[in-house]
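Coordinate analysis (summary)
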Amino acid sequence: MKQFLLAILAFSNAGCSAFEFQTPITEAQRTISQPLLGFGTWNLKVSPENTSAAVSIAIQTGYRQIDCAAAYRNEPAVGAGIADGLKKANLTRNQIWVTSKLWNDHHGDSTTVQAGLDQTLSDLGLEYLDLYLMHWPVSSVPNNHEEYISTWASMLTLPKSKVRHVGICNFSPTQLKTLITSTREKPYAHQMELHPYLQQSSWIKFHKQLGISVSAYSPLGNNNPIYHNGEEKDYPPALLENKILVKIAEKRNCTAAQVALAWGMSRGTSVILKSKHEEYIQENFNAAECTLKKSDLKKIEEVGEKWLKRYNNPSGAWKVDLFEGLDGV
Ligand SMILES: NC(=O)c1ccc[n+]([C@@H]2O[C@H](COP(=O)([O-])OP(=O)(O)OC[C@H]3O[C@@H](n4cnc5c(N)ncnc54)[C@H](OP(=O)(O)O)[C@@H]3O)[C@@H](O)[C@H]2O)c1
Ligand SMILES: *[C@@H]1O[C@H](CO)[C@@H](O)[C@H](O)[C@H]1NC(C)=O
Ligand SMILES: *[C@@H]1O[C@H](CO)[C@@H](O)[C@H](O)[C@H]1NC(C)=O
Ligand SMILES: *[C@@H]1O[C@H](CO)[C@@H](O)[C@H](O)[C@H]1NC(C)=O
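On a predicted model such as this, the values are computed, not experimentally measured, just so you know. Here the residue numbering is sequential within each chain, running from 1 through the sequence in written order. Ligands are numbered from 1 and chains lettered from A, in the order in which they are written. Restriction of local features to residues with pLDDT of at least 70 applies here, the model being predicted, together with a cutoff of 80 or more for giving and counting side-chain atom pairs; totals for whole chains, interfaces and linings are based on all residues. Excluded from the side-chain calculations are hydrogens and water; all other atoms, namely the structure's heavy atoms, are used.

Only DSSP runs of H or I with at least four residues qualify as helices, and only runs of E with at least two residues qualify as strands; both kinds are numbered from the N terminus onward. In terms of regular secondary structure, the protein is built from 12 helices and 10 strands. Counting contacts in the protein only where the partners sit at least 6 residues apart, residues at least 24 apart contribute 75% of the total. Surface accessibility in these figures is a Shrake-Rupley result with a 1.4 Å probe; residues are shielded only by whichever protein chains are displayed. As displayed, the protein has an accessible area near 15000 Å², and 53% of this comes from carbon and sulfur atoms. The contact definition used throughout considers only heavy atoms, calling two residues in contact when any of these lie within 4.5 Å.

Moving on: a positive patch on the surface. What makes a patch is a set of residues exposed beyond 30% relative accessible area and free of salt bridges, joined within 9 Å when like-charged and within 5 Å when nonpolar (Val, Leu, Ile, Met, Phe, Trp, Tyr). When a carboxyl oxygen of Asp or Glu is within 4 Å of a side-chain nitrogen of Lys or Arg, the pair counts as a salt bridge. His is not counted here, nor are the chain ends, while Lys and Arg score as positive and Asp and Glu score as negative. A charged residue contributes its charge at one atom only: NZ of Lys, CZ of Arg, CG of Asp or CD of Glu. On the surface, K247, K251, K293 and K299 cluster together to form a positively charged patch. Tracing the backbone shows K251 in helix α8 (residues 243–251). Here K251 falls in the exposed class, since its relative accessible area comes to 52%. Throughout, exposure labels follow a simple rule: accessible area from a 1.4 Å probe, protein chains only, divided by the maximum for the residue type, with under 20% read as buried, over 50% as exposed, and the rest as partly exposed.

Here we come to the UniProt feature "site: Lowers pKa of active site Tyr" (unreviewed entry) in the protein. Taken from the UniProt record, the annotation "site: Lowers pKa of active site Tyr" (unreviewed entry) applies to K101. Summarising the element assignment, K101 is placed in strand β3 (residues 97–102). Leaving out residues up to four positions away in the same chain, K101 has contacts with D67, C68, A69, A70, Y72, Y132, L133, H135, C169 and Q191. Here the side chain of K101 touches D67 through a polar contact of 2.7 Å, side chain to side chain. UniProt positions are given in the numbering used here, feature names are shortened, and annotations may be inferred rather than shown by experiment. A 3.5 Å cut-off defines polar contacts: any pair of N or O atoms within that distance qualifies, except that in protein one atom must be a possible hydrogen donor and the other a possible acceptor, and neighbouring residues in sequence count only when both atoms are side-chain atoms.

Once that is clear, we can look at the UniProt feature "binding site: substrate" (unreviewed entry) in the protein. In this numbering, the UniProt entry assigns the feature "binding site: substrate" (unreviewed entry) to H135. Note that H135 resides in the loop between β4 (129–134) and β5 (138–139). Classification of H135 by relative accessible area gives buried; the value is 7%. Non-local contacts of H135, meaning those with residues more than four positions away in its chain, are made with A69, A71, Y72, K101, L102, W103, N104, C169 and N170.

With that out of the way, let us pick up the sheet that holds strand β1 (residues 37–40). Note on sheets: strands pair through backbone hydrogen bonds, and any given pair is parallel or antiparallel. Pairing between strands requires that DSSP locate at least two bridges from one strand to the other. On the basis of which strands lie adjacent, the closed barrel formed by 8 strands has the order β1-β2-β3-β4-β7-β8-β9-β10 and parallel pairing. Strand-to-strand, the axes of this sheet are offset by a mean angle of 30°, without reference to chain direction. Inspection of the sheet shows strand β7 (residues 163–169) paired to strand β8 (residues 189–193) by 2 bridges, in the parallel sense. Within β8, the position partnered with C169 by the bridge is Q191. To obtain each axis, a line is fitted to C-alpha atoms, and for helices this fit is confined to the stretch in contact; angles are then taken between N-to-C directions over 0 to 180 degrees.

Our next topic: the packing of aromatic side chains. Centres within 6.5 Å are what make two rings of Phe, Tyr or Trp a pair, Trp counting through its six-membered ring; a difference in plane orientation under 30 degrees is then read as stacked, over 60 as edge-to-face, and the rest as tilted. With the rule as written, the count across this model stands at 13 aromatic pairs. Among the aromatic residues, ring-to-ring pairing joins W42, Y72, Y227, Y235 and Y311 into one connected group. One residue, R93, lies across the ring of Y128, its end atom 3.9 Å from the ring centre. The cationic tip of R164 hangs over the ring face of Y128; the distance from NZ or CZ to the ring centre is 3.9 Å. Charge-over-ring contacts are defined here by two conditions on Lys NZ or Arg CZ: a distance within 6 Å of the ring centre and an angle within 35 degrees of the ring normal.

Moving on, we come to the layout of surface pockets. The probe, sized like a water molecule, is rolled over the atoms to show the empty space still left. In this model, the largest pocket occupies a volume close to 1000 Å³. Within the residue set of the lining of the largest pocket, elements represented by two or more residues are α9 (256–266), β10 (270–273) and α10 (278–285). Among the elements that take part in the lining of the largest pocket, α10 stands out by supplying 3 residues, more than any other. As a working rule, the residues Ala, Val, Leu, Ile, Met, Phe, Trp, Tyr, Cys and Pro are called nonpolar, Asp, Glu, Lys and Arg charged, and the rest polar, with Gly in that last group. Residue classes in the lining of the largest pocket are distributed as 22 nonpolar, 17 polar and 8 charged. Using a grid of 1 Å spacing that covers the protein atoms alone, one calls a set of points a cavity when a 1.4 Å probe fits there but cannot get out, and a pocket when the set is open and has protein on both sides within 12 Å along at least five of seven lines; lining residues are those with an atom within 4 Å of a point. Grid points are joined across faces, edges and corners, and a volume is the space filled by probe spheres set on the points.

Turning our eyes to something else, we now look at the pattern of salt bridges. On inspection of all chains with the given rule, the structure shows 6 salt bridges. Between D118 and K162 there is a salt bridge whose closest N-O contact spans 2.9 Å. One end of the pair, D118, is in helix α4 (residues 110–124); the other, K162, is in the loop between α5 (149–156) and β7, with 44 residues separating them in the sequence. On the basis of relative accessibility, which here comes to 31%, the residue D118 falls in the partly exposed class. Using a relative accessible area of 24% as the deciding quantity, one classes K162 as partly exposed. When the shortest N-O distance is used, the salt bridge between E302 and K298 registers 3.7 Å. With E302 and K298 both in helix α11 (residues 294–306) and 4 residues apart, the pair spans about one turn of that helix. Overall, the relative accessible area of 44% leaves K298 in the partly exposed class.

Here you go:
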């Protein structure tokens, strides 16, 4: 691990040059850096109108990062929400950060990857993404199997005018190392499951040392109803009802959700949360004002020593070994 780190650090500073400025971009096209709070759009699908309304409300509330994916099958409605939100908040495109993800059915050569990107851009109604992530290190064509090297190489050839940064989700340490050593290009960001029940602190530290930014998905833990799949025996209590978090929340005049999000931001990770309800969208946004003390952070660290649970792991369903060497597998 250490030797690998040194080798990577040796070229990491120059690492982005090959991908930077392939197509000249004007000052007006330049974007903001990735905000610490992001609005997620998975399962935001009561109806297209409802999805658009939630995204628009999020932007009007103050969120400046929207997290999308082709796999969520709602990018046209999300795009309509982005357009409406920008208009109502009197903002321009380059004042928000939009992320989307390449689905497993578009892995492979650059023609295939470009087609995935072009579909997403057309669905979202956008000219460019701030960040394009490989959703999984898995191709579904013709059958599910581990694949990421050629796809990553293809992602690196995407024009800068359409994609500002490229990154990954859901990689294992071995996969991340293999990716970097074989292409000599590190991802800009790695999005992964992170919450008080799955803290992965040394894994985050490893990214910090490499200069890869980390985004936390499902930051409210087992609050996502999809994660309740009937096998609740060794389940930790609902994160937002966890006694430690509730107590900290009372003490700091926050809600438990705000405590979980503030803790995530205090670790330097960008927290990507989702809600279809206006009051939660507002509540979660206000997490930025929930100030935690060192003693609170220590107590939340202990929550992670007591409970360890990874909720999002399709290894079984896909018959592919994911997250090898990481916690909660
Ligand atoms: N890269 C990946 O593989 C990957 C995987 C998973 C997720 N993600 C991204 O991360 C985003 C967030 O993850 P997630 O959707 O799994 O989980 P989450 O944001 O941690 O939790 C969402 C759930 O919490 C509820 N909720 C939100 N705020 C609340 C509050 N203040 N109080 C009480 N309940 C609240 C929501 O309910 P309502 O919606 O009913 O209000 C929803 O059921 C996704 O939308 C997606 O963009 C990416
Ligand atoms: C979306 O629909 C749900 C369920 O009907 C509703 O509770 C929620 O308020 C709606 N959200 C928005 C932003 O309209
Ligand atoms: C919208 O933003 C522009 C540029 O920041 C500003 O000049 C204009 O006054 C704003 N319009 C409204 C209605 O707030
Ligand atoms: C607690 O938070 C609420 C809502 O954010 C706020 O209105 C109230 O003034 C706060 N109370 C204290 C004592 O800080």
